[in-house]
Amino acid sequence: MEGLLILWSETGLANFDFGQLVMITVGCCLLFLAIRKGFEPLLLLPIGFGAILANIPNAGFTEPGGVLYYVYYVGIESGIFPLLIFMGVGAMTDFGALIANPRTLWLGAAAQFGIFATLFGAILLNLVPGMEFSLADAASIAIIGGADGPTAIFLASRLSPDLLGAIAVAAYSYMALVPIIQPPIMKLLTNEQERKIEMQQLRHVSKTEKIIFPLAVLMMAILFLPSATPLVGMFCLGNLMRECGVVDRLSNTAQNELINIVTIFLGLAVGSKLQAESFLKFETLGILVLGAVAFSIGTAAGVLMAKLLNKYSKDNINPLIGAAGVSAVPMAARVVNKVGLDSNPHNFLLMHAMGPNVAGVLGSAVAAGVLLALVG
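Residues numbered from 1 in each chain as written. Predicted model: local features only at pLDDT ≥ 70, side-chain atom pairs only at ≥ 80, totals over all residues. Heavy atoms only, no water.

Teacher, can you tell me more about the overall build of the protein chain here?
A count of helical and extended segments in the protein chain gives 21 helices and zero strands. Taken against the 2.2 N^0.38 rule, which gives 21 Å for 376 residues, the C-alpha radius of gyration of the protein chain at 22 Å falls within 12% of a compact globule. If you line up the protein chain on its principal axes, its C-alpha atoms span 85 × 45 × 40 Å. Taken across its 376 residues, the protein chain has 54% of its residues classed as buried. A total of about 16,900 Å² of accessible surface is found on the protein chain, and carbon and sulfur atoms cover 68% of it. Both charge centroids of the protein chain, one from 19 positive and one from 22 negative side chains, sit 15 Å from each other. (Helix = DSSP H or I, 4+ residues; strand = E, 2+ residues; numbered from the N terminus. Rg over C-alpha atoms; globule rule 2.2 N^0.38 Å. Buried < 20%, exposed > 50% of the residue type's maximum accessible area, 1.4 Å probe, protein only. Areas by Shrake-Rupley, 256 points an atom, 1.4 Å probe, with all protein chains shown as cover. Lys, Arg positive; Asp, Glu negative; His and termini not counted. Charge placed at Lys NZ, Arg CZ, Asp CG, Glu CD.)

Got a minute to help me understand the packing of helix α12 (residues 164-176) against helix α13 (residues 178-189) in this structure?
Helix-helix packing is characterised by the crossing angle of the two axes and by the distance between the axes. Between α12 and α13, the shortest axis-to-axis distance is 5 Å and the interhelical angle comes to 65°. Comparing their axes, α13 and α12 come out roughly perpendicular. Taken together, the residues of α13 that come into contact with α12 (itself represented by Y174, M175 and A176) are V178, P179 and I181. Of the residues contributing to the contact of α12 with α13, the split by class is six nonpolar, no polar and no charged. (Axes fitted to C-alpha atoms, helices over the stretch in contact; angles between N-to-C directions. Parallel < 35°, antiparallel > 145°, perpendicular 65-115°, else oblique. Contact = heavy atoms within 4.5 Å. Nonpolar A, V, L, I, M, F, W, Y, C, P; charged D, E, K, R; others polar.)

Whenever I open this one, the pattern of salt bridges confuses me. Can you help?
Where charged atoms from two side chains of opposite charge approach closely, those side chains can pair. Applying the stated criterion across every chain, the model contains six salt bridges. With a shortest N-O distance of 3.2 Å, D94 and K210 are connected by a salt bridge. Pair noted here: D94 is in the loop between α6 (80-92) and α7 (96-100) and K210 is in helix α15 (residues 207-224), with a separation of 116 residues, a long-range link. Residue K210 is classed as buried on the basis of its relative accessible area, which comes to 17%. R195 is paired through a salt bridge with E192; the nearest N and O atoms lie 2.9 Å apart. You can see R195 and its partner E192 sitting in helix α14 (residues 192-195), three residues apart, about one turn around the helix. (Salt bridge = Lys/Arg side-chain N within 4 Å of Asp/Glu carboxyl O.)

Would you mind showing me how to read the packing of aromatic side chains here?
Geometry of an aromatic ring pair is reported as the spacing of the ring centres plus the angle between the planes. Per the counting criterion, the structure on display carries four aromatic pairs. Seen in terms of ring centroids, Y69 and Y70 are 5.4 Å apart; in terms of plane orientation they differ by 80°. Their pairing is edge-to-face. According to the relative accessible area criterion, Y69 is partly exposed, its value standing at 31%. A centroid spacing of 4.9 Å and a plane angle of 55° characterise the contact between F95 and F213, whose relative ring orientation is tilted. Of this pair, F95 sits in the loop between α6 and α7 while F213 sits in helix α15, placing them 118 residues apart in sequence. Members of the aromatic cluster, each reached through a chain of ring pairs, are F86, F95, F213 and F235. Sitting above the plane of the Y72 ring, K273 keeps its charged end 4.4 Å from the centroid. (Phe/Tyr/Trp six-rings, centres within 6.5 Å; stacked < 30°, edge-to-face > 60°. Lys NZ or Arg CZ within 6 Å of the ring centre and 35° of its normal.)

Distances and angles like these do not, on their own, reveal function.
As structure tokens, this is what we get:
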């Protein structure tokens, strides 16, 4: 009888608490969104599975010696995983649209307004009973507005590791919901005539320009914002490998095998932080709400900046492309193209939107560097 009691005490049924069951349900919801809805499946699937593993009682996945503990320690706490992801994204990114139309840098910069507006919003949330966010916490929450998962993870792991799970889930969830969140904002801030604007074909960008550009971006970061160089530097390295034409094997590895392997472990590491005791707090709701506000403000700021540029520019600029200033590459650009085609079947905005989209990646990395320099 005593042996049966010991055996029962070691089962999950005897040790589950309500919070763990809730978080396992959350993990299953993330799996559903990834598999059934196709929302950022490459990240939401391992994050959801990691959340399930992290909340299994007596399994020890997240304790010292557990596999998720070491995955988090090696990849997230050290900052390696987000940096490797950035290198892979750089290897997959074509800067040609941005080089051909450098004015779109303004759109990528404007879209980061959501980050700094939300920084103040997070600080003001301290006035709400039950909310306690330090300046470092506020900075980590604010970066969600850049719609850049690796950047959000990188900054949160440096400033607020306890909030990493909620921040990562919010960042990737809103990235996945770009096709739902952005179109209403874009249509609200533009009229039918503006959405029909057709833009001139982009000029051809030479190989030399594409090689020089990442080096120039890195040099600017070194001179003016060294704290941003870990992210910007790895992004530029990946892009240089893509464009130089002499290391195709390295470029292909960064674009495929390496980024795929890192993505699996990055998702599991983030999921390991979705433990009931750290996630099921009142502050988590504030993070999710502020993340949505940040993303919406960033989208709106990009569209309004594009309207301003169109007003004073010699060449037509469709205000819709400003929404791509958030760095959800390339989904935001695809959404812009779809909304443009809905208004004008001959209006192909994809390549034009890639300019601010790429600028948004750089902008979010720079914003993270600014916050790290001010708060870290």
